[in-house]
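# Examining the three-dimensional arrangement
What follows is the residue order along each chain.
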Amino acid sequence: MYNAVIFDLDGTLTDSGEGIFNCVRYTLDKMNRPQLDDATLRRFIGPPLAESFMNYCGMDEDTAREATRFYRERYVPIGWKENTVYPGIRALLRHLKKQGVYLAVATGKPQTTAQTVLDYFGLSEYMDQIAGPMAGELHANKADLIRRVLPDNCKALMVGDTAGDVKGGHDTGIDSAAALWGYGTEESLLNAKPTHVCKTVSDLMTLLGCPQEKGLFITFEGVDGCGKTTQMNLLEKQLIHFGYPVYRTREPGGCPIAEDIRKIVLSQEDGGMCSETEALLFAAARAQHVKQVILPKTKEGHTVICDRFVDSSLVYQGMGRELSMDWVKLINRIAFESGAPDMTVLLRLPREESLRRRNASSTPDRIEKAGDAFFARTEKGFDQLAAENPDRIIPVDAHGTPDEVAERVWQAVWAKLKEAALS
Ligand code: TYD
């Protein structure tokens, strides 16, 4: 098997199309030149920029240098972040690293930019070396870049999404895998005669013996009106950019049977439901949800984000309704033996603010009608749970703009993901 794997970056590890296209369009606008069609824009991904400006826009070397300067004017502050790690890549790198395989990047992107991108997405920690054109180096051929990182006496594989990557493999005497999920056309890649053809990242994982990795289970908790939905949306987007396949769900609900239970337990009618029935219904919905959705989805490698989970039962039914805590814990142990959250984001909001947001929202459900003393107990309850479970529950200040809160949530989640990745 291979003991060294060298990756191309754009179109292989990350889908950098959005940022690159936007920056080429910006450059052409600035230089009053006609825009390119999408097929031509795609060809900018991979080779050194100046080369592409010369090949596809008919620029001479000096004009191409100027174009590169305009390009960087947008790329440096914004463009490089308009990028997404392909799902599966992170698990693959982690697996190869654990197996002691030497890993490197050989990219047409300037070396410093490649380093910045790989650092930001947390991929550089898997790499033994990164090679890209150095400052002022206009043409760097793929074979030269590969030679810069290729260790002696190894069985190496070059993975890339363009014919240039495959050719780089041939020129340096190593095997190649054509990554069809990127930007090169299938025809051009097959014509270059790669050793292996991988239609998807999953095919490459199979080729390199990487097993499917279990995804993390993340729950969101907090008093009603704390802004969970907005924050879960923002976290989902960020996780996708970082290459984590996400599955979103909620409690009570998340699958047909549990959604039916939700209608009963959150009905706007009082109906005289006693607290024990309420707690058992939440636990019953949870049992179904864990078995039918949460366990299978995490097993498939999804990061599952769930709006509320068992902590809500402990807080709302145990502390809010003042049922016995031991009893609420017991029925929930019956509901799910495995499937506890790996981490819980607790959004903490000052009481007046959550009241204001709650009053501004639509018709209250049965739980929202429970009254002030009940909500005071739930607020205290969440803090108590956080103090008892410092490793799992991460309190996040939910005061401020959505973006400010999102940044706090991301820092907390990213730290946990990195910790899990290293374990
Ligand atoms: P929902 O409309 O989803 O509100 P929110 O956006 O605040 O989560 O309603 C869920 C309600 O159910 C919420 O008031 C909390 C309550 N709940 C419990 O009391 N126990 C539980 O176990 C769960 C999951 C939710």
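A brief structural summary.

### Considerations on the environment of Pro 395
Of note, Pro 395 is situated in strand 13 (residues 393–397). In the structure, Pro 395 is positioned 12 residues away from Asp 383 in sequence and 8.1 Å away in space, judged by C-alpha atoms. Discounting chain neighbours no more than four positions away, the residues touching Pro 395 are Leu 346, Arg 348 and Ala 386.

### Remarks on the packing of helix 7 (residues 142–149) against helix 8 (residues 163–171)
For the pair helix 7 and helix 8, the least separation of the axes is 8 Å and the interaxial angle reads 60°. Relative to helix 8, the element helix 7 lies oblique. Along this stretch, helix 7 crosses helix 8, giving a crossing that reads as right-handed. Between helix 7 and helix 8, the residues in contact are Lys 142, Ala 143, Ile 146 and Arg 147 and Gly 164, Asp 165, Gly 168, Gly 169 and Asp 171, respectively. Split by residue class, the contact of helix 7 with helix 8 holds two nonpolar, three polar and four charged.

### Focus on the site of the ligand
Taken together, 15 residues lie near the ligand, and Asp 224, Lys 228, Arg 308, Ser 313 and Gln 317 sit nearest. Residue Asp 224 places a side-chain N or O atom 2.8 Å away from an oxygen atom belonging to the ligand. When the free accessible area of the ligand is taken as 540 Å², the share hidden by the protein chains comes to 88%. The set of elements that each furnish at least two residues to the shell around the ligand consists of helix 13 (275–299) and helix 14 (310–320). The element best represented in the shell around the ligand is helix 14, accounting for four residues. For the shell around the ligand, the residue count by class is five nonpolar, three polar and seven charged.

### Details of the pairing of strand 11 (residues 303–307)
Consecutive side chains along a regular strand alternate between the two faces of the sheet. The buried fraction of strand 11 is high, at five of five residues. Side-chain alternation along strand 11 places Thr 303, Ile 305 and Asp 307 on one buried face and Val 304 and Cys 306 on a second face that is also buried. Note that strand 9 (residues 217–222) and strand 11 share four bridges and pair parallel. Paired with Thr 219 across the two strands is Cys 306, which belongs to strand 11.

The rules behind each value
- Residues numbered from 1 in each chain as written.
- Predicted model: local features only at pLDDT ≥ 70, side-chain atom pairs only at ≥ 80, totals over all residues.
- Heavy atoms only, no water.
- Helix = DSSP H or I, 4+ residues; strand = E, 2+ residues; numbered from the N terminus.
- Contact = heavy atoms within 4.5 Å.
- Axes fitted to C-alpha atoms, helices over the stretch in contact; angles between N-to-C directions.
- Parallel < 35°, antiparallel > 145°, perpendicular 65-115°, else oblique.
- Left-handed = near helix turned anticlockwise from the far one by under 90°.
- Nonpolar A, V, L, I, M, F, W, Y, C, P; charged D, E, K, R; others polar.
- Near = heavy atom within 4 Å.
- Polar contact = N/O pair within 3.5 Å; in protein donor to acceptor, adjacent residues only side chain to side chain.
- Areas by Shrake-Rupley, 256 points an atom, 1.4 Å probe, with all protein chains shown as cover.
- Buried < 20%, exposed > 50% of the residue type's maximum accessible area, 1.4 Å probe, protein only.
- Pairing = 2+ DSSP bridges.

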